[in-house]
Number of protein chains: 2
Amino acid sequence: MSDVTTDLDLLAGVRVVDLTQFEAGPSCTETLAWLGAEVVKIENPKMGDPGRRLRAGQPDNDPYYFHVFNANKKSITVNLKSDRGLALVKDMLRTADIVVENFAPGAIERLGLGYDVVKALNPGIIYAQVKGFGEGSPYEKNLAFDMIAQACGGTFSVTGEADGPPTRPGISLGDTGTGMLLAITILGALCKKRETGQGRRLEVAMQDAMMHYMRINFATQGLTGKAAQRGGSKVPGINNAPMGLYPCAPGGPNDYVYIMTSRANPDHWDRLLKLMGREDLIGDPRYATPADRVVREAEVDAIIATWTRSRSKQAAMEAVGGVGVPAGAVFDTMELHDEPSFEARGIMQVMQHPVHQPFKMPSWPVRVDGQTARVKPSPTLGQHTDTVLVYWLGLTEADVG
Amino acid sequence: MSDVTTDLDLLAGVRVVDLTQFEAGPSCTETLAWLGAEVVKIENPKMGDPGRRLRAGQPDNDPYYFHVFNANKKSITVNLKSDRGLALVKDMLRTADIVVENFAPGAIERLGLGYDVVKALNPGIIYAQVKGFGEGSPYEKNLAFDMIAQACGGTFSVTGEADGPPTRPGISLGDTGTGMLLAITILGALCKKRETGQGRRLEVAMQDAMMHYMRINFATQGLTGKAAQRGGSKVPGINNAPMGLYPCAPGGPNDYVYIMTSRANPDHWDRLLKLMGREDLIGDPRYATPADRVVREAEVDAIIATWTRSRSKQAAMEAVGGVGVPAGAVFDTMELHDEPSFEARGIMQVMQHPVHQPFKMPSWPVRVDGQTARVKPSPTLGQHTDTVLVYWLGLTEADVG
């Protein structure tokens, strides 16, 4: 692994005070950690980040959620409701570049760490917040979780079968999708701070962030004048055939291949017919143009499915891709986990943890000079309390002991 | 709008040569433009970025897709296959901070603008690439589009009804989701460049990027030892009830409300029963604990749905949220478009375009010191050819005329 992973140094020396929990905030600060920043989670001494899912008196048998959003971070335990704990965090904020929080609305102010307080301590700090709904929204006081943000941000409305109910996209875009937009803005502000020394106040709402990912759907609405629709595995607004999911052998729940022909490339259809032994249909006027094929989409889909049903999704992907027509097998998490090239390329890495079982998980997928960020373990609760206080605040071992 | 939007200056003075098309690349460079960078699209003189969807001899009646991914950019037309055009782009690369491309595999090298060439021209440049599949993947030569990346990256496998086929999440995460991860890494590299003057080579594959958004699903697999499942609008792996979508009046395709009770807060269930006039069930041993309610989930869902069916989704969201239980209505793109608070807060803005109709679209949703990035029009093809050559390359009006 030494060739394909490294400790990325893009943000070496950048200090982040991490007051986040669950996913939207932690996914943002983990990104900074992967790029080399020193990210210190401030956790309550009892149960820590609720994303640890610790339960009183129970063994910790579910560390996975915490692992995936907190790799490469440090953890210190501080009681923010004590005078000493609050003073200590204020001292850390004086020396930090960035602070991120995603508490419920109003909570950070009640803790005595609102923006005006922190800015007075450190005018150069980048103060970043995630909320569920934006200030000025009718729902600004409401709690949000991933599902709520996705429902209210539109993603449910465009996911699912055309004649079925709205459906939750199975990924936590409401959380991680929001965290990524905040990370981008934090890093823009950090570039500016390198010129000016000045900090900024950044705020993002999860509902608002969803609209960023819905832009194609808004573009489709611009064209049609109607709310964007659901289309199962078709893409509403693209009138082309064949395009979609086709069933493969042996017929398991994810044994499908996505095949997509381009309107702009009339060869795609002919190549598929040749590959599938249906040269008899090349030039058949019933299927000659994309418009003809859309009219006869059920027939077109049946022609393709007859061929795909007797092949595995991998074989179908390889054969269709081999004639230059875009195709992709539907892979599930176990198939992705077991595919060796992800680990060989550093995209999946095994987290070696001092307490928990080794766990293979996705790393930061962008390669820098050919290498990905090396995954280091998520911290145990309070693991770095002493060392952070010594190095950040200059306390002696005796002070913190 | 003057109070809530502004020209963000975080990346003022940063020069980006934009060799991208369609969505994955353009969504990345648009983000840089919104934060204040000068992003110049290099487009072929005939039809430009294929995302413009220009068709020979036809009026341009579908500018929306291009608008949403190319706001606030400049456009120059250059024939990259001519010696003069290539030399001109090389001169631009000598003065740029960042270059981004998402051509098909091998195309940038065939153009004569591979990494080694560009690095020799400008060792300080950040050279960023999007591909469908990673170098070293079994599919590295394959084309990818959003749907292919999502199928092969796992998101289809976790979306849809538990007993139905895999389903495409209705948002273009394969494209924009990838673009966001590249933007983060570009800005990390730009921070470092401010210290060292050195550029970096960055590469991301769309399939790999999807795994980043699938981390919860990998965490669930870690716990269960099985591939992550689909769950309709439930979240597989969370054993709690009530949680999910409930039908509302008047019964339109998106008339649903998401209601979520917390395992950690037993009050949620009692509050719902009181709100819904079912105090008779408070303390009923059949529904006392989250585990009891999961066993009787169909009954629990029927109790909730009886109440939601006679209310609008907005009224249901307000009432349930009002008793402190997380709830979110399923909004469609038209409802989001028509909700005035988005425009009042600068989250949605009307693009005023010199050629096309005004178009209301999402802006960058992160507020910087209380303001969002002001949306400026997407460029017409070649609109800035003369001014960019004069200002970037010091050519005179006579040279470019």
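Residues numbered from 1 in each chain as written. Chains lettered and ligands numbered in written order. Predicted model: local features only at pLDDT ≥ 70, side-chain atom pairs only at ≥ 80, totals over all residues.

**Some thoughts on the overall build of chain A**
Argument step 1. A tally of helices and strands in chain A yields 17 helices and 14 strands.
Argument step 2. Dimensions along the principal axes, computed over C-alpha positions, put chain A at roughly 85 × 50 × 50 Å.
Argument step 3. Of the contacts made within chain A by residues no fewer than 6 positions apart, 67% connect residues no fewer than 24 positions apart. (Helix = DSSP H or I, 4+ residues; strand = E, 2+ residues; numbered from the N terminus. Contact = placed C-beta atoms within 7 Å.)

**Focus: the interface of chain B and chain A**
The accessible area lost on association of the parts is a frequent measure of interface size.
Argument step 1. Contact residues are listed per partner, giving 106 residues for chain B and 106 residues for chain A.
Argument step 2. Residues that form the side of chain B that touches chain A fall into these classes: 63 nonpolar, 28 polar and 15 charged.
Argument step 3. When strand β13 (residues 367–368) of chain A meets strand β7 (residues 200–205) of chain B, the two strands line up antiparallel, connected through two bridges. Across the sheet, the residue bridging to A:Val368 is B:Leu202, located in β7(B). (Nonpolar A, V, L, I, M, F, W, Y, C, P; charged D, E, K, R; others polar. Pairing = 2+ DSSP bridges.)

**Topic: the sheet that holds strand β9 (residues 256–260) of chain A**
Residue and element names in this part refer to chain A.
Argument step 1. As summarised here, the arrangement of the three strands in space is β8-β9-β10, forming an open sheet in which the pairing is antiparallel. Of all the strands in the sheet, just β8 (243–247) and β10 (327–329) have a single pairing partner and so form its edges. Going across the sheet, the axis of each strand differs from the next one's by a mean of 20 degrees, ignoring polarity.
Argument step 2. Where helix α12 (residues 297–308) meets the sheet, its contacts fall on β8 and β9, and the angle it forms with β8 comes to roughly 40 degrees. (Axes fitted to C-alpha atoms, helices over the stretch in contact; angles between N-to-C directions.)

**Thoughts on the relation of the copies chain B and chain A**
Argument step 1. Least-squares fitting of chain B to chain A yields an RMSD of 0.0 Å, with the transformation described by 0.0 Å of translation along the axis and a rotation of 180 degrees. Taken together, the rotation and translation describe the operation of a two-fold axis. (Least-squares fit on C-alpha atoms with pLDDT ≥ 70 in both.)

**Describing the domain arrangement of chain A**
Argument step 1. Splitting chain A by domain gives domain 1 (5–213 + 338–400) and domain 2 (243–247 + 256–329).
Argument step 2. In this structure, domain 1 of chain A and domain 2 of chain A have C-alpha centres spaced 44 Å apart. (Domains from an automatic or database assignment.)

**Details of the environment of B:Pro340**
Residue and element names in this part refer to chain B.
Argument step 1. Topologically, proline 340 is positioned in helix α15 (residues 340–344).
Argument step 2. Judged by the 9 C-beta atoms lying within 10 Å of it, proline 340 falls in the exposed class.
Argument step 3. The spatial distance from the C-alpha of proline 340 to the C-alpha of isoleucine 171 is 23 Å, given a sequence separation of 169 residues. (Buried ≥ 20, exposed ≤ 12 C-beta atoms within 10 Å, placed from the backbone.)

**Focus on the sheet that holds strand β10 (residues 327–329) of chain B**
Argument step 1. As summarised here, the arrangement of the three strands in space is β8-β9-β10 (chain B), forming an open sheet in which the pairing is antiparallel. The open sheet terminates on both sides in strands that have one partner only, identified here as β8 (243–247) and β10 of chain B. Strand-to-strand twist in this sheet, taken as the mean axis angle between neighbours without regard to direction, amounts to 20 degrees.
Argument step 2. Looking at chain direction, β8(B) and strand β9 (residues 256–260) of chain B are connected through five bridges and run antiparallel. Opposite B:Pro247, over in β9(B), you have B:Tyr256 as the bridge partner.
Argument step 3. Where helix α6 (residues 146–153) of chain A meets the sheet, its contacts fall on β9 and β10 of chain B, and the angle it forms with β10(B) comes to roughly 20 degrees.
Argument step 4. Across the face of the sheet, helix α13 (residues 313–322) of chain B comes into contact with β9 and β10 of chain B while running at roughly 165 degrees to β10(B).

**Observations concerning helix α7 (residues 173–196) of chain A**
Residue and element names in this part refer to chain A.
Argument step 1. The end-to-end C-alpha separation of α7 is 34 Å, in line with the 34 Å expected for 24 residues at 1.5 Å each.
Argument step 2. Of all 24 residues in α7, 21 are buried, a share of seventy percent or more.
Argument step 3. Two residues or fewer past α7, glycine 197 is found with a positive phi of approximately 75 degrees. (Expected span 1.5 Å × (residues − 1).)

**What to know about helix α13 (residues 313–322) of chain A**
All names here are of chain A.
Argument step 1. Regarding α13, the residues found buried are Lys313, Ala316, Met317, Val320 and Gly321. What you see down the axis of α13 is that its buried residues fit within an arc of 120 degrees, all on one side.
Argument step 2. Phi turns positive one or two residues past the end of α13, at glycine 324, with a value near 80 degrees. (Arc of directions from axis to C-beta.)

**Observations regarding the nonpolar core**
Soluble, globular proteins show a tendency: their nonpolar side chains are buried together.
Argument step 1. In this structure, A:Val99 and B:Val99 are the most contacted members of the largest nonpolar core, which totals 235 residues.
Argument step 2. Setting aside residues up to four positions removed in sequence, A:Val99 forms contacts with A:Val17, A:Leu19, A:Leu93, A:Val118, A:Ile125, A:Tyr127 and A:Ala128. (Core = buried A, V, L, I, M, F, W, Y, C linked by C-beta atoms within 7 Å.)

**So, unusual backbone geometry**
Argument step 1. The amide bond that connects B:Ala241 to the next residue, B:Pro242, takes the cis arrangement and shows omega of -5 degrees.
Argument step 2. With respect to the element layout, B:Pro242 can be found in the loop between α9 (215–224) and β8.
Argument step 3. Following B:Ala249, the chain continues to B:Pro250 via a peptide bond in cis, the omega torsion being 0 degrees.
Argument step 4. Here B:Pro250 is to be found in the loop between β8 and β9.
Argument step 5. In this model, A:Asp369 sits at a positive phi of 50 degrees, which is unusual for a non-glycine residue.
Argument step 6. Even without glycine at this site, B:Asn72 takes up a positive phi of about 65 degrees.
Argument step 7. With respect to the element layout, B:Asn72 can be found in the loop between α2 (64–70) and β4 (74–77).

**Concerning the environment of B:Thr5**
Residues and elements named next belong to chain B.
Argument step 1. Locating threonine 5 in the fold gives a position in strand β1 (residues 5–6).
Argument step 2. In this structure, the C-alpha to C-alpha distance between threonine 5 and glycine 370, residues 365 residues apart in sequence, is 8.5 Å.
Argument step 3. Leaving out residues up to four positions away in the same chain, threonine 5 has contacts with Gly346, Gln349, Gln371, Thr372, Ala373 and Arg374.

**Here's the deal with the packing of α7(A) against helix α7 (residues 173–196) of chain B**
Argument step 1. Their axes nearest at 9 Å, the elements α7(A) and α7(B) cross at an angle of 25 degrees. Classified by the angle their axes make, α7(A) and α7(B) are roughly parallel. Crossing handedness for the pair α7(A) and α7(B): left-handed. The segment α7(A) lies against α7(B), with A:Leu173, A:Met180, A:Leu181, A:Ala183, A:Ile184, A:Leu187, A:Gly188, A:Leu190, A:Cys191 and A:Arg194 engaging B:Leu173, B:Met180, B:Leu181, B:Ala183, B:Ile184, B:Leu187, B:Gly188, B:Leu190, B:Cys191 and B:Arg194.
Argument step 2. A per-class count over the contact of α7(A) with α7(B) returns 16 nonpolar, two polar and two charged. (Parallel < 35°, antiparallel > 145°, perpendicular 65-115°, else oblique. Left-handed = near helix turned anticlockwise from the far one by under 90°.)

**Side note on the confidence of the model for chain A**
Argument step 1. For chain A, mean pLDDT is 95; residues scoring 70 or higher make up 98% of the total.
Argument step 2. Both scores are available for the predicted complex, with the pTM at 0.97 and the ipTM at 0.97. (pLDDT = per-residue confidence, 0-100.)

**Looking at the environment of B:Glu318**
Argument step 1. Note that B:Glu318 resides in helix α13.
Argument step 2. Placed 11 residues apart in sequence, B:Glu318 and B:Ala329 show a C-alpha to C-alpha distance of 9.1 Å.

**Notes on the pairing of β4(B)**
Residue and element names in this part refer to chain B.
Argument step 1. Note: strand β3 (residues 38–43) against β4, four bridges, orientation parallel. The residue bridging glutamate 43 from the neighbouring strand is threonine 77, located in β4.
Argument step 2. Crossover connection from β3 via α2 to parallel β4: handedness right-handed. (Right-handed = clockwise from strand over helix to strand, strands pointing away.)

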